[in-house]
Amino acid sequence: MTSRAERPAKAPEAAALEESLLLPAAAAERSGDVHGGGGIRRKKGKWEKTTYLDVLGVCCSAEVALVERLLTPIAGVRKVTVVVPSRTVIVEHDPAAASQSHIVKALNRAGLEASVRAYGSSSGGGVAGGRWPSPYVVASGALLLASFLAPLLPPLRWLALASACAGAPPVLLRAIASATRLALDINILMLIAAAGAAALGDYSEAGAIVFLFTAAEWLEALACARASTGMLSLMSTIPTTVVLAETGDVVAVRDVEVGAVVAVKAGEVVPVDGVVVEGRSEVDESSLTGESFPVPKQPPAEVWAGTINLDGYIAVRTNALAENSTVAKMERLVEAAQNSRSKTQRLIDTCAKYYTPAVVVLAASVALVPLLLGAQDMKRWFRLALVLLVSACPCALVLSTPVATFCALLRAARMGVLIKGGDILETLGEIRVAAFDKTGTLTKGEFSIDGFHVMGDKVELSQLLYWLSSIESKSSHPMAAALVEYAQSKSIQPKPENVTEFHIIPGEGIYGEINGRHVYIGNRRILTRSSSYSVPEMDVQERGASIGYVICDRDLVGAFSLSDDCRTGAAEAIRELRSMGIKSVMLTGDSRSAATHAQEQLGGAMEELHWELLPADKVALVGELNLASGPTLMVGDGMNDAAVLAAADVGIAMGLRGSAAAMETSHATLMSSDILRVPAAVVLGRHARRTIAVNVAASVAAKAAAVVLAVAWRPVLWAAVIADVGTCLLVVLHSMTLLREPGTRRRGDEQAEVCRATARSLAMRAQLAGASSTTATDNAEVSGDRTNGCHCCQKPGKSSEKAHSVVIDIPAAASSAENQEIKITTATAKGGAGGCCSGGKACGASTVTSVTDVPKKCCAGKEDNRVRVKAACCNNGGDERDSRKEAEHGCTRARCCSGGK
């Protein structure tokens, strides 16, 4: 029986991150009564937090110190945080002492072009001032363009000098602000370069320096805004008011207490986390989980803030305040990750701290030493010194890591994986071993009772089930829910209030006292603890079920067996990891037979199996794997894996449907049950590492090329400017490639994902419809061809009952020439629990209770126990499978198609 552990307290690191970032406001606190700032919250009656200020003047880490020096001295400002990639400044302040307008004015006096971001706008929307350049950039460019006519009309050469003057004010303000605070940044260096060019009589070059610098900053701001678009998309969709279902009153979200029932109509966004208590609908959870298929909801299903109610009315009883909702926690975690620096970034920042002073000293030497030695052609030496000055600011190098990290973290959040910082992201790209918990991770965590036996004659079955269900009602383990449901199916109602003592024994089970009886429930180890040494032999042990025991007052009074099935895509995820050279290992507290059974369901994909492990054993094994093979990834459900998740190089927890503490105890959080996100996250980590390496190499190469060109040929200031600010722009644009869908799957796999998603959706709808009268929990089997992800199948065999077939309607891609089909066969044949195609239930197969309950909108007709719907999938030959003869072959010749082929 899988070990159980109490939910751990919040990890110190996670607690520190949340403490450093005040809890964001409930959505309503960011609306009408708040004038801007994206989220302001009073803390302890005094502090509030201005979540978002867009600041155009922040282009690299050099401006971070400037912003801090500008705002920290203001009375009432508690803390200033600068997120360079998104050009965002976060300020904690007392509004009575320092208003938002006061803070913005302090930044704008230094020419940083700050504005309060209105809540609901896209991140970075105010950074670029819309999509148009500032008047300074336009005026500078127009005058510089006109100066090119100087060969025809010589007085026009002065327009180049006017161009430099027209574009200089914002740069001058920032330079003055930096100089007064004894900081040397790119603005000062560019002004010196422009002034030097003008002093040497190169007016066109002076104008080009200013125009190229300001224009590149504007383009960079646009790119950063584009990169950060969607960072606020989750919280910006939360409605500011809700309707109370019981009274019909409209109240602000911040005023909704835990336990209140709110009404959510079709098309509305769910405002708070809660449980459905009335109604039925489908909910789009893609904003949280990244899974793009509707999830049916009816009592008592859970719903989360930020998801969309699609087509029905539901009443939701809240179980969290708006400020503590899952989406609010996601926002805080992403914000904390933005502010964390990776080891690569820390190294680059350390180097940059010494690079700028060193190059400035070198530039001064190049200008002064030849002058003191009476060298000829001093103009060339001065120009070379100016080129070195322009090259003294390592903006592109400093941006190379944080912008790439920012884009990768955003991409991960969009696909339903929350990664807590750049260090974790980089480590993901180094993973060599992936360890998986079994229960609730590789398997669904949805147990069914295969058998329940009363041992001896000391206790009646009804009494035993009453004790068992009452104690298990206090546990959050998935097995507990199955045991309680089993007791209820026998008309036994649990009474947890009668349990006088309860605690969890990690790795063994639980203990409770009820009606004066001391009851232990757990795996084989619980027998020793309870001083019961008789271990019965049970036939179900050989079928791979998990075995549990019930001990009452030192006597073994009951035994039961439970079974669980693999998650959809688990085998494919492990195969993808293996294709990347990553070793997969199973770590489970369950029995050997249960672990072996899961391995059979996975088609033997795991390279190592370890069973009957205590939490401490898992930690030790992860350490051994790390020493033997390299950086180790651990994936668990967060219930009994808190210690090993923390011990692994990267611990990934199942967030939404795992334990409540999973988001805060792990290094990363999987927001959905789709385990295929794990290899996708690893691919993203590798892509991020490559992107950072290219960014760093390009930044260094551009600086070196500008200096070499100046030394070997002639010093060209505008070329040095392009090498600096142009490389910054290229770094941002290259980093934005991380926002694209990571290429974890082969061609056609995207459509295969749609096949899988729709199959799951249909299965869930049928399950919720409660249609069990026609067929008992059939298997929705898709193609055994692992190509394109429809990897599980059922070999055709003799069955006493006819197979049911469902063909799902999925819109084909735009490039598809015609709709094609995939067959999803549901068979009632009973078989062994062998491998994927053993004739039994395939690993990861969706389960449906009856194909006849597929919604009418998906049905084209019904004949001979067959429901057929057009689908964008096909068989091996590409023809529609209409004949009854082909239908008899099940799914063995079906496959999902790419591009309609």
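This one's a predicted model, so the numbers in the text were calculated from it and none came from an experiment.

## Observations concerning unusual backbone geometry
Excluding glycine, residues mostly have negative phi values, and the peptide bonds linking residues are mostly trans. Following P299, the chain continues to P300 via a peptide bond in cis, the omega torsion being 0°. Position of P300 relative to the elements: it lies in the loop between β10 (295–297) and β11 (302–303). A positive phi angle is found at E113, which is not glycine, with a value near 50°.

## Some points on the environment of N309
Mapping N309 onto the fold places it in strand β12 (residues 308–309). We classify N309 as buried; its relative accessible area is 0%. Separated by 13 residues in the primary sequence, N309 and P296 place their C-alpha atoms 9.8 Å from one another. Sequence-distant contacts of N309, defined by excluding residues within four places in its chain, comprise V264, K265, A266, G267, E268, S281, E282, V283 and I314. In this structure the side chain of N309 is engaged in a polar contact, spanning 3.0 Å, whose partner is the backbone oxygen of K265.

## Focus: the UniProt feature "transmembrane region" (unreviewed entry) in the protein
According to UniProt, the feature "transmembrane region" (unreviewed entry) maps to residues 354–375, 381–410, 692–711 and 717–739 in the numbering used here. The straight-line gap between the two end C-alpha atoms of residues 692–711 is 29 Å; of that span, 100% is helix and 0% is strand. Helix and strand shares over residues 717–739 are 83% and 0% respectively, and the end C-alpha atoms of the span are 34 Å apart.

## Thoughts on the nonpolar core
Judged by nonpolar contacts, the single largest core of 119 residues is most densely connected at L71, L602 and L633. Examining the composition of this core, we find that 11 residues originate from one element, helix α13 (residues 395–414), more than from any other. In this structure L633 touches L428, I431, V433, A434, A435, V650, I652, V678 and V682, once residues within four positions along its chain are discounted. Formed by 27 residues, the second largest nonpolar core is a distinct cluster that contains M479, L483, A487 and I504.

## Regarding helix α16 (residues 461–472)
Under the 1.5 Å per step criterion, the end-to-end length of α16 is 16 Å for 12 residues, consistent within 8% with the ideal 16 Å. α16 sits mainly inside the fold: 9 of its 12 residues count as buried. For α16, every residue scored as buried is listed here: L464, L465, Y466, W467, L468, S469, S470, I471 and E472.

## Here we look at α13
Taking 1.5 Å per residue, 20 residues should reach 28 Å; α13 reaches 28 Å between its end C-alpha atoms and fits that length. Where α13 bends most, the angle comes to about 25°, and this point is T401, followed within four residues by the proline P402. Burial within α13 is extensive, with 18 of its 20 residues counted as buried. One or two residues past the end of α13 sits G416, with phi positive at roughly 90°.

## A closer look at the sheet that holds strand β22 (residues 583–587)
In spatial order, the strands read β14-β26-β25-β24-β15-β22-β23; together these 7 strands make up an open sheet with mixed pairing. Because the sheet does not close on itself, it has two edges, and the strands there are β14 (417–419) and β23 (608–610). On average, each strand axis in the sheet is inclined to that of its neighbour by 20°, with strand direction left out of account. Relative to the sheet, helix α24 (residues 677–712) contacts β14, β24 (632–636) and β26 (668–670), its axis offset from that of β24 by approximately 150°.

## Here we look at the sheet that holds β11
In spatial order, the strands read β6-β5-β7-β13-β8-β11; together these 6 strands make up an open sheet with antiparallel pairing. Each having just a single partner strand, β6 (250–252) and β11 make up the two edges of the open sheet. Here strand β5 (residues 241–244) pairs with strand β7 (residues 261–264) via 2 bridges, running antiparallel. Bridge pairing in β7 places V243 opposite A263.

## Looking at the confidence of the model for the protein
Of the residues in the protein, 70% reach a pLDDT of 70 or more, and the chain-wide mean stands at 75. Mean pLDDT in the protein bottoms out at strand β32 (residues 866–867), which sits at 34, and peaks at β22, which reaches 96. Predicted confidence for residues 743–750 stays below pLDDT 50, and this span has 21 contacts to residues more than four positions away or in other chains. Contacts of residues 771–901 to residues separated by more than four positions or lying in other chains number 303 contacts, the stretch itself having pLDDT below 50.

## Considerations on the pattern of salt bridges
For the coordinates displayed, the defined rule picks out 19 salt bridges. In this structure, E430 and K343 form a salt bridge, with 3.8 Å as the shortest nitrogen-oxygen distance. Here E430 is found in the loop between α14 (422–428) and β15 (433–437), whereas its partner K343 is found in helix α11 (residues 343–372), with 87 residues between them in sequence. Residue E430 is classed as partly exposed on the basis of its relative accessible area of 21%. Residue classification places K343 among the partly exposed residues on the basis of a relative accessible area of 40%. One salt-bridge network, held together by shared partners, links E113, R174 and E217.

## Overview of the side chain of R174
Position of R174 relative to the elements: it lies in helix α5 (residues 158–180). Only 3.0 Å separates the side chain of R174 from the side chain of N187, close enough to count as a polar contact.

## Some points on the pairing of strand β9 (residues 281–284)
Direction of pairing for β9 relative to β10: antiparallel, over a ladder of 3 bridges. The residue of β10 that forms the bridge with E282 is P296. Judged from the 2 bridges that link them, β9 and β12 form a sheet pairing that is antiparallel. Residue D284 lies in a different strand from β12, and its bridge partner there is I308.

Criteria and thresholds
- Residues numbered from 1 in each chain as written.
- Predicted model: local features only at pLDDT ≥ 70, side-chain atom pairs only at ≥ 80, totals over all residues.
- Heavy atoms only, no water.
- Helix = DSSP H or I, 4+ residues; strand = E, 2+ residues; numbered from the N terminus.
- Buried < 20%, exposed > 50% of the residue type's maximum accessible area, 1.4 Å probe, protein only.
- Contact = heavy atoms within 4.5 Å.
- Polar contact = N/O pair within 3.5 Å; in protein donor to acceptor, adjacent residues only side chain to side chain.
- UniProt positions renumbered as here; feature names shortened; annotations may be inferred.
- Core = buried A, V, L, I, M, F, W, Y, C linked by side-chain atoms within 4.5 Å.
- Expected span 1.5 Å × (residues − 1).
- Bend = angle between axes of the 7 residues up to and from the residue.
- Pairing = 2+ DSSP bridges.
- Axes fitted to C-alpha atoms, helices over the stretch in contact; angles between N-to-C directions.
- pLDDT = per-residue confidence, 0-100.
- Salt bridge = Lys/Arg side-chain N within 4 Å of Asp/Glu carboxyl O.

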